[in-house]
There are 2 protein chains.
Amino acid sequence: MRQNKTWNQHVVKKENKSLVLEEIIENSPISRADIASSTGLNKGTVSSLVNELLDEKLINESGPGKSSGGRRPVMLLFNQVAGYSIGIDLGVNYILGILTDLKGNICSEKKVSFNKLTYEEMVEELYEIIDALVASTPSSPYGIVGIGIGVPGIVDKDKKILLAPNLNWRNVDLKGILQEKYNIPVIIENEANAGAYGEKKFGVGKNHNNIVYVSVGIGIGVGLILNGNLYSGNNGFSGELGHMTIEVNGTKCSCGNQGCWELYASEKSLLLDAKRSDLQNTEDFSLETIIDRANSGESDSIHLFEKTGKYLGVGINNIINIFNPEQVIIGNRMAEAEKWIRKPLIDWIKNQTLWFSQKDLKVDFSNLLTHSTALGVAAFSAEDFLYHNIYNDDISVI
Amino acid sequence: MRQNKTWNQHVVKKENKSLVLEEIIENSPISRADIASSTGLNKGTVSSLVNELLDEKLINESGPGKSSGGRRPVMLLFNQVAGYSIGIDLGVNYILGILTDLKGNICSEKKVSFNKLTYEEMVEELYEIIDALVASTPSSPYGIVGIGIGVPGIVDKDKKILLAPNLNWRNVDLKGILQEKYNIPVIIENEANAGAYGEKKFGVGKNHNNIVYVSVGIGIGVGLILNGNLYSGNNGFSGELGHMTIEVNGTKCSCGNQGCWELYASEKSLLLDAKRSDLQNTEDFSLETIIDRANSGESDSIHLFEKTGKYLGVGINNIINIFNPEQVIIGNRMAEAEKWIRKPLIDWIKNQTLWFSQKDLKVDFSNLLTHSTALGVAAFSAEDFLYHNIYNDDISVI
DNA sequence: TAAACTTTGTTCATCCACTAGACAAACGTT
DNA sequence: AACGTTTGTCTAGTGGATGAACAAAGTTTA
């Protein structure tokens, strides 16, 4: 209900300093006077906090701004290159790594694809990517402030990877391993959670506070932004919506349940359907193949996507009735098939969702596509640094 | 993401004072020294805050406690009769009103049952109940600090009743009406949300922070406690889980969707099934009738409950996979049939829920039964008074 | 063009809440 | 009875926010 924490002037100062910094990041260029009026803080208070931030190289003064009938203000800018953040999307058959500045702009990027690596080989690839990104980092006051990793699996409260079924990992303490090797704070998050945050910060989810992000890939994962914060559940296992029952007496699922959503609306199910209907003769067909076929007007492929769209609608309808979100974002690989999926999905929702839940509801497709997860985890690290370590000189291993 | 609020010493003091008060409420009798060590505040700070609380009559000093080898401490007690709170459960065919002290102990209680009242008649009944409770209030420093009302319908962000289908109400500003009449802060909440909070504070949900409360009555409503706070969704419409699809091509529901959960697991569906199977010859049969029959060993009635239990399991399984809660509480009228429902429900979950979500999971039946909603809203009002109005002398209409 | 007004940002005295430490009172132990 | 311990109060000191005064640097007006 209420957080059990004592309050003193140190906390006050730290919170106010964060507030000022946030104001500058969100609304730069901005003057000290503007910050004072928009935060409600006293001019003097703002002045001294700004001076500290200047000393810490987190912000810069730019030239004078426009006068509004008096002395011209000194404009302040966020120094987004005071440090850098690494974000990694650890996929089943690829690793995508990006280096971003503190505002989330991608500075360099590296991706490898592969097939069925052992755990050791995969970690080796991961090291190589991180090393390459580290090497490409420009010099800056704070260097790399953190590494964030999004994984397709269950991450518990202690940020250990409890289970990543498609990677065949169990109880892996990647955080510990990487922190030991690089001596930098490491954050591990579920891929869908990170994607949700990425969309909120940089994608179509900007300016929304209650977002359901549906990551449709091989399986279906869901990331929840509730009241502006990522909701992770009791043990960090929430969002296992792929295994929501949508057909009581439906097909058996590998999870032990039956009629699970991801048996009807994921990439896996799409490919299975395609195989069943004997649509293709070639051996290696993929989502991309089917998209190409649909593009060339093949009606069977289009029907496959329409079915996927409808069943996505079934699950999303449930989600809307549960959460009454402002926005639903469909992301990950399946978002590339928006062209055929959108209409059946939207139609289902229009017809089936409670009218009062449709109020103010937006259904969008990701525009970051494959980058949302990496951007999300990179942003986690950057914010951890900016808002929680402002007072700590020690920004190494926690 | 981060709350936009400036911090100053007034906030610090208010928060610390709340912290001290909370500590006394939760752990009384407690000494000043104990509060200092458990909150981390300085002894002097605690001393001055305690003195203010004593002046405000919110706490009392009791006799000296036991010595632990030194001076005997002065024990502090929460003055739970410094004020009173009214909680109302506005049902479809009943109104239950309770008067509680600030700790949630029921001091007096009044209930009326009826059938199909108009809006005006219903409000009249409500006034009568409130008037009776007001009349029964002992004299105290603060009097009645608030009225809380739980309603079976959708309450929007402004606490207006947007839609209560079973009452046939639309856009009713009950809060405004009552505040005008009684000149006391009024809180309106959805019945399931209030019930969830009631269970968290006073029932089986104590000491849990991620709770899904399933209110199974005529329909099914759900209240969510996430991270210790009530989650209400974007417009306050969350928890409409009764209309979650569990059977894609299922029966049509009045909501426009098909295969909704409450068509399979609510009191309404149970009665409908009973009628269909021609179990009874009498005209007026009810949940109680069927419970009686099951009690007397009639297997058909028992089967009906077993079916309800299974279908409750289907929906609850979905909920668990979505939220990974610590606890699921089944409440409201159907909880009275725990005896027959429990086993099929638990069995379904054991077999179908993802193993890692079953970790630390408790499934419980309400022990407050029909009182959880009224207790919940009464607690809302009491806490609003205790923690938010500590500094306000004006505790009348906001 | 000068005077008057506006806006910005700094400085300084003041206020307020928490803290540390001293201290007295009250109690148990030896 | 002497000593140590615990409790609770009091006082001086610290840190941070505030408001007002003020200088600097603009624009507007007569």
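The rules behind each value
Residues numbered from 1 in each chain as written. Chains lettered and ligands numbered in written order. Predicted model: local features only at pLDDT ≥ 70, side-chain atom pairs only at ≥ 80, totals over all residues. Helix = DSSP H or I, 4+ residues; strand = E, 2+ residues; numbered from the N terminus. Buried ≥ 20, exposed ≤ 12 C-beta atoms within 10 Å, placed from the backbone. Near = placed C-beta within 6 Å. Nonpolar A, V, L, I, M, F, W, Y, C, P; charged D, E, K, R; others polar. Core = buried A, V, L, I, M, F, W, Y, C linked by C-beta atoms within 7 Å. Contact = placed C-beta atoms within 7 Å. Domains from an automatic or database assignment. Pairing = 2+ DSSP bridges. Axes fitted to C-alpha atoms, helices over the stretch in contact; angles between N-to-C directions. Parallel < 35°, antiparallel > 145°, perpendicular 65-115°, else oblique.

**Considering the overall build of chain A**
Counting secondary structure elements, chain A contains 13 helices and 16 strands. Considering chain A as a whole, with its 398 residues, one finds that 47% of them fall into the buried category.

**Some thoughts on the protein's contact with DNA strand D**
With respect to spatial proximity, 30 residues lie near DNA strand D, and among them A:Arg71, B:Gly44, B:Ser47, B:Gly70 and B:Arg71 are the closest. Listed by contribution, the elements that provide at least two residues to the surface near DNA strand D are helix 1 (9-27) and helix 3 (43-55) of chain A together with helix 2 (32-39) and helix 3 (43-55) of chain B. The leading source of residues in the surface near DNA strand D is helix 1 of chain A, at five residues. Classifying every residue of the surface near DNA strand D by side-chain character gives six nonpolar, 17 polar and seven charged.

**Here we look at the nonpolar core**
If you look at the biggest cluster of nonpolar residues, it comprises 213 residues, and the most contacted ones within it are A:Val214 and B:Val214. For A:Val214, the contacting residues outside a window of four places in its chain are A:Ile220, A:Val222, A:Ile316, A:Val328, A:Ile329, A:Ile330 and A:Gly331.

**Considerations on the domain arrangement of chain A**
Residue and element names in this part refer to chain A. Taken domain by domain, chain A consists of domain 1 (9-78), domain 2 (84-195 + 373-388) and domain 3 (204-367). Computed over C-alpha atoms only, the centres of domain 1 and domain 2 are separated by 32 Å. Grouping the constituent residues of the side of domain 1 that touches domain 2 by class yields two nonpolar, one polar and one charged.

**Looking at the sheet that holds strand 2 (residues 59-64) of chain B**
All names here are of chain B. Judged by pairing direction, the sheet is antiparallel, and its three strands sit side by side in the order 1-3-2 without closing on themselves. Lying at the two open borders of the sheet, with one neighbouring strand each, are strand 1 (30-31) and strand 2. By the bridge criterion, two bridges tie strand 1 to strand 3 (residues 74-78) in an arrangement that is antiparallel. Across the sheet, residue Ile30 finds its bridge partner in strand 3, namely Leu76.

**Regarding the packing of helix 6 (residues 191-202) of chain B against helix 13 (residues 372-388) of chain B**
All names here are of chain B. Running from N to C, helix 6 and helix 13 cross one another at 80 degrees; their axes reach a closest spacing of 7 Å. Comparing their axes, helix 13 and helix 6 come out roughly perpendicular. Residues Glu191, Ala194, Gly195, Tyr197, Gly198, Glu199, Lys201 and Phe202 of helix 6 lie in contact with helix 13, whose contacting residues are Ser372, Thr373, Leu375, Gly376, Val377, Ala379 and Phe380. Considering only residue class, the contact of helix 6 with helix 13 consists of seven nonpolar, five polar and three charged.

**Focus on the protein's contact with DNA strand C**
Surrounding DNA strand C, one finds 30 residues, the nearest of these being A:Gly44, A:Ser47, A:Gly70, A:Arg71 and B:Arg71. Where the surface near DNA strand C is concerned, the elements lending two or more residues are helix 2 (32-39) and helix 3 of chain A together with helix 1 (9-27) and helix 3 of chain B. With five residues, helix 1 of chain B is the single largest residue contributor to the surface near DNA strand C. In the surface near DNA strand C, the residues fall into six nonpolar, 17 polar and seven charged.

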